[in-house]
Amino acid sequence: MASPVSYRLEGIIGIITVDSPPVNALSHAVREGIFDAISEAQGDSSEAIVISCDGRTFFAGADITEFDKPLKDPGLPDLVKAIEASSKPVVAAMHGTALGGGFEMALAAHYRCAMPFAKVGLPEVKLGLLPGAGGTQRTTRLAGVKASLDLITSGVPIVAAKAKSLGLIDKIIDGNLLSGAIAWAGQLVADQAPIRRSSEQAVPEYDAAIFEEYRTSLRRRARGQIAPGRIVAAVEAAATMSFTDGLAIEKQAFLDCMASPESAGMRHIFFAEREASKVDDLPRDIVQRPIETVGIIGGGTMGGGIAMSFANAGIQVTMIEISDEALVRGLSIIDRNYAGSVKRGKLSEKQVASYRALISGSTDYAALADVDMVVEAVFENPDLKKKIFKQLDDVCKPGAILATNTSYQDVDAIAAVTSRPEDVVGMHFFSPAHIMKLLEVVRGEKTADDVLASVMAVAKKIRKVAVVSGVCYGFIGNRMLQPYGKTSQMLLLEGATPQQIDSAMESWGMAMGPLRVFDLAGLDIDYTARQALTDEQKGDPMFYRVPDLLVEAGRMGQKSGAGFYTYEGNRKATSDPVVNKMIEKVAAELGVERREISDGEIVERLISSLVDEGRKILDEGIAQRSSDIDIVYIYGYGFPAARGGPMFYADNAVG
Ligand code: 3HC
Ligand code: NAI
């Protein structure tokens, strides 16, 4: 097989070019090719060397698919060492994203240049790892302790200009990168620029208290994860030890992290996320429907966030509400959310102005006559939704995609009221919809292939992680929440308090315990949905008597200031003895014996309830693959990424 690496001489410059689609990951063949080219360049007439990549990006890092296989020489640290040891100046020329081991290679080069829109970063922490080819040591020497800690503990890439201001790159090249890099390398030779090895540079001054500050804040932010703490230790070693000793600390930490269940879980999620976007039975050559304009029906909690998600991707939105007053309210919630994003520094005023200009409102369905897609987000009432879909059938142009954001309702039944069920699909966003990454795309019995393909593509455009679900009550996520919720109700009646259940789950890693989640989502949503069920469908009153009583007592959850907990202005949940009494009373009425329940039992029973339902969902073909269920729980329900999702956790008995 031809090597993905080529080497050629252009005058006095030796040029190493790598072409290993899709992202120039540093597979064995790539490492070997570069290693050989560097060796060849040491003995030829070149006076400087340029390393660059073809395709859409500079190296995206180590090849993650090789992590579970035996390591083949040269390893990445050997390659990085060979680059830095070169007796001729090496220039790294970066475009796209220079990440992980890819950026570590650039850090070992003697000079670094990049295109203006290039990004560089060390995202290993997102895989439960840390840079393992000198990244912690060289970044600290070049950019200082604080910048290094920020870059490596966050894993978030930075743009070229920022990297330059931090001293991580030297030059930004506008125009043709390769010819710019070759010209610069020629200039470096002419100037007799020194071989500048980052491993030999001194660490800029720093405040020694910084390491403890980061350790404390990371213990809170990255609960239970080991990689962030090891990163701090490696950066501290860079600042306080020789390069060789620091490198040894980094290497040991990398090996320990690589062997951790946390990294196994996070690497599983990396691939699962990419897999989720693939729909197994769609023809490859399918032609998508263009989606440039979208109508949103309902400007409540969900409609506003959904509108923002589309506008933020440059898609024109028309929001329909029931009255002028409701429309003004809906649009003002959007304005408030945007103002919040500016305040938190997430968006600039200019960005917000351009996104907001894409959102208009109307109370007239005729405004939807020309839109490419509609997302309905009105109250969770099946009759209302059907009435709206009939209206959409009347007003929307042929070929418009008609989506419902229903949490539970039968998408096929909604589609059946239209004359075009093939255009109907579910798009189940999560709250707050402009922030949460998950989107369940519900494929109805008659949903056309091109509708599904178009919705998956637009999901990517609006930066959601889309997972396909079949039609069933609650789809993947909320369906699994049913037994999870039931188990939490059983645990309450059997003797645990809301506080005990939530803190057991949160200590295990869930972003929020189940009862706090129900309070946040609003207990009235399930209550209303239950009213459409027969007594038989509702099941044992054990599972819903307490939440029913809470709703009937006006405790809808956080939005009404009380649910399983009471909430003060700052949204802090406080235990309420009234609720505990209510639980005890229901337990007595239903004849449930109360006892001490351990935190371990709480976790075991709740997670098993998720996994058992997940297995049924797979057996019924509602989810395409087990890893899709993991993605739903990680991105939609605050399941800890370090545990790889419920199905991965169950299959691998992690941690
Ligand atoms: N190794 C192996 N495969 C990789 C990969 C990697 N580092 N990075 C991406 N891929 C694969 C993806 O799995 C996907 O495969 P598929 O098409 O079969 O599903 C394909 O490349 C395209 O990836 P994306 O869909 O993610 O493409 P995007 O254009 O959306 O994003 C990217 C490109 C920003 C480079 C993104 O892929 C990314 O963030 N990659 C991971 C970067 C990373 O974590 N690097 C660090 C690796 S660990 C390391 O370097 C250790 C070292 O310190 C020793
Ligand atoms: P909401 O009550 O906040 O908003 C509903 C909005 O729809 C109201 O502003 C109302 O005025 C408007 N509306 C009602 N009838 C209308 C009509 N005929 N035409 C135009 N507008 C109309 O409800 P929310 O929470 O936004 O939920 C909407 C849908 O999204 C529901 O189906 C719900 O199940 C689903 N959902 C809700 C989530 C949540 O966390 N709140 C999460 C995911 C989905």
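Up top is the structure.
To keep things clear, this report deals only with the structure shown in the data block. (Residues numbered from 1 in each chain as written. Chains lettered and ligands numbered in written order. Predicted model: local features only at pLDDT ≥ 70, side-chain atom pairs only at ≥ 80, totals over all residues. Heavy atoms only, no water.)

**Description of the side chain of E494**
Step number 1: Relative to the assigned elements, E494 resides in helix α18 (residues 477-494).
Step number 2: When near neighbours in sequence (up to four residues on either side) are disregarded, E494 contacts V592, E593, R594, R595, I597, E601 and R605. (Helix = DSSP H or I, 4+ residues; strand = E, 2+ residues; numbered from the N terminus. Contact = heavy atoms within 4.5 Å.)

**Looking at the side chain of E84**
Step number 1: You can see E84 is positioned in helix α2 (residues 76-85).
Step number 2: Setting aside residues up to four positions removed in sequence, E84 forms contacts with A108, H110, R138, R197, S198 and S199.

**What about the site of ligand 2?**
Step number 1: What surrounds ligand 2 is a group of 25 residues, the closest being M302, E321, E380, K385 and S407.
Step number 2: Within the contact set of ligand 2, a nitrogen atom lies 2.9 Å away from a side-chain nitrogen or oxygen of Y365.
Step number 3: The side chain of N405 places a nitrogen or oxygen atom 2.8 Å from an oxygen atom of ligand 2.
Step number 4: Computed on the free molecule, ligand 2 has an accessible area of 840 Å², of which 86% lies beneath the protein chains in the complex. (Near = heavy atom within 4 Å. Polar contact = N/O pair within 3.5 Å; in protein donor to acceptor, adjacent residues only side chain to side chain. Areas by Shrake-Rupley, 256 points an atom, 1.4 Å probe, with all protein chains shown as cover.)

**Description of the pattern of salt bridges**
Step number 1: One pass over the full model with this rule turns up 38 salt bridges.
Step number 2: Measuring nitrogen to oxygen at the nearest pair gives 3.9 Å for the salt bridge that ties E275 to K278.
Step number 3: Residue class for E275 comes out partly exposed when judged on its relative accessible area of 32%.
Step number 4: Relative accessible area serves as the criterion here: at 44%, K278 is assigned to the partly exposed category.
Step number 5: D393 is paired through a salt bridge with R420; the nearest N and O atoms lie 2.9 Å apart. Of this pair, D393 sits in helix α15 (residues 382-395) while R420 sits in the loop between α16 (411-416) and β15 (424-429), placing them 27 residues apart in sequence. No difference in accessibility class separates D393 from R420, as the two residues are buried.
Step number 6: By sharing partners, the salt bridges in this structure join E275, K278, D280, R625 and D628 into a single network. (Salt bridge = Lys/Arg side-chain N within 4 Å of Asp/Glu carboxyl O. Buried < 20%, exposed > 50% of the residue type's maximum accessible area, 1.4 Å probe, protein only.)

**Focus on unusual backbone geometry**
Step number 1: Look at the link from P21 to P22: it is a cis peptide, with omega at 0°.
Step number 2: Within the secondary structure, P22 sits in the loop between β2 (13-18) and α1 (28-43).
Step number 3: Across the junction of D73 and P74, the peptide omega takes the value -5°, indicating a cis bond.
Step number 4: For P74, the position within the fold is in the loop between β3 (48-53) and α2.
Step number 5: The phi torsion at F475 lies on the positive side, around 55°, for a residue other than glycine.
Step number 6: As for its position among the elements, F475 is in the loop between β17 (465-469) and α18.

**Concerning the pairing of strand β1 (residues 5-10)**
Step number 1: By the bridge criterion, 6 bridges tie β1 to β2 in an arrangement that is antiparallel. Looking across to β2, one finds that Y7 is bridged to I16. (Pairing = 2+ DSSP bridges.)

**Quick word on the site of ligand 1**
Step number 1: Taken together, 26 residues are adjacent to ligand 1, and G101, E104, E124, R274 and K278 come closest.
Step number 2: At a separation of 2.7 Å, an oxygen atom of ligand 1 approaches a polar side-chain atom of E104.
Step number 3: Within the side chain of E124, a nitrogen or oxygen atom sits 2.5 Å from an oxygen atom of ligand 1.
Step number 4: Across the complex, the protein chains shield 75% of the 1,000 Å² of accessible surface that ligand 1 would expose by itself.
Step number 5: Put simply, the parts of the chain that give the shell around ligand 1 at least two residues each are β5 (97-99), α3 (101-108) and α11 (261-276).
Step number 6: Ranked by residues supplied to the shell around ligand 1, first place goes to α11 with 3 residues.
Step number 7: Grouping the constituent residues of the shell around ligand 1 by class yields 15 nonpolar, 5 polar and 6 charged. (Nonpolar A, V, L, I, M, F, W, Y, C, P; charged D, E, K, R; others polar.)

Geometric values such as these leave the question of function open.
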